[in-house]
Amino acid sequence: AGAAKKLRLDCVIVPKSSEDRIVGWLADALKIKLKAAPTDGKANAALLKLLAKELNLKPAAIAIASGHTSRRKTLVCEGIEDYPHTLSNKGKSNQ
C-alpha cells in the first residue's frame, strides 16, 4: 500500500438536480450533480457526503478549500491511499 496523501480536486457543482451523482470530467474539473439546494450549506454537505462515499473516506477527511458559495469549488481530500480509480474513470467510456 502506498503512503496516504492529500488530493486536490476541482469540482463544478450543479445543485437542485434530480439525483446525487458524479457526472464526469469537465475540462479540468469534476462535474457533480446534487439534489440539495445551495442554501444553508445543504449542497456543500451533500457534496462532502457523496465524495466521502465514492472515495471511501470519512466526510471530515474532505474540506472545501475555496468556493464555499460558488458552483466551482476546490476540495482537499486527506488520507487517499492511491489515486481514486472511480474518479479517474468518471465520464470516460470505451464507445
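Structure shown above.
Residues numbered from 1 in each chain as written. Predicted model: local features only at pLDDT ≥ 70, side-chain atom pairs only at ≥ 80, totals over all residues. Heavy atoms only, no water.

1. Considerations on the pattern of salt bridges
(1) Moving on: As enumerated under the stated definition, the model contains three salt bridges in all.
(2) Moving on: For Glu19, the salt bridge is made with Arg21, and the minimal N-O distance between the two is 2.8 Å.
(3) Moving on: Owing to a relative accessible area of 35%, Glu19 belongs among the partly exposed residues under this scheme.
(4) Moving on: The class for Arg21 is partly exposed, based on a relative accessible area of 33%.
(5) Moving on: For Asp28, the salt bridge is made with Arg72, and the minimal N-O distance between the two is 3.0 Å. Of this pair, Asp28 sits in the loop between β2 (21-26) and β3 (29-33) while Arg72 sits in strand β5 (residues 72-80), placing them 44 residues apart in sequence.
(6) Moving on: On the accessibility criterion, Arg72 (39% relative accessible area) is partly exposed. (Salt bridge = Lys/Arg side-chain N within 4 Å of Asp/Glu carboxyl O. Buried < 20%, exposed > 50% of the residue type's maximum accessible area, 1.4 Å probe, protein only. Helix = DSSP H or I, 4+ residues; strand = E, 2+ residues; numbered from the N terminus.)

2. Describing the side chain of Lys73
(1) Moving on: As for its placement among the helices and strands, Lys73 is situated in strand β5.
(2) Moving on: Despite being buried, Lys73 has no salt bridge partner; Asp10 is the closest side chain of opposite charge, sitting 11 Å away.
(3) Moving on: Among the polar contacts listed, one links the side chain of Lys73 to the side chain of Asn44, at a separation of 2.9 Å.
(4) Moving on: Side-chain polar atoms of Lys73 contact the backbone oxygen of His68, separated by 3.2 Å.
(5) Moving on: Those residues in contact with Lys73 that sit more than four places away from it in its chain are Leu9, Asp10, Cys11, Ile13, Asn44, Leu47, Ile64, Ser66, Gly67 and His68. (Lys, Arg positive; Asp, Glu negative; His and termini not counted. Polar contact = N/O pair within 3.5 Å; in protein donor to acceptor, adjacent residues only side chain to side chain. Contact = heavy atoms within 4.5 Å.)

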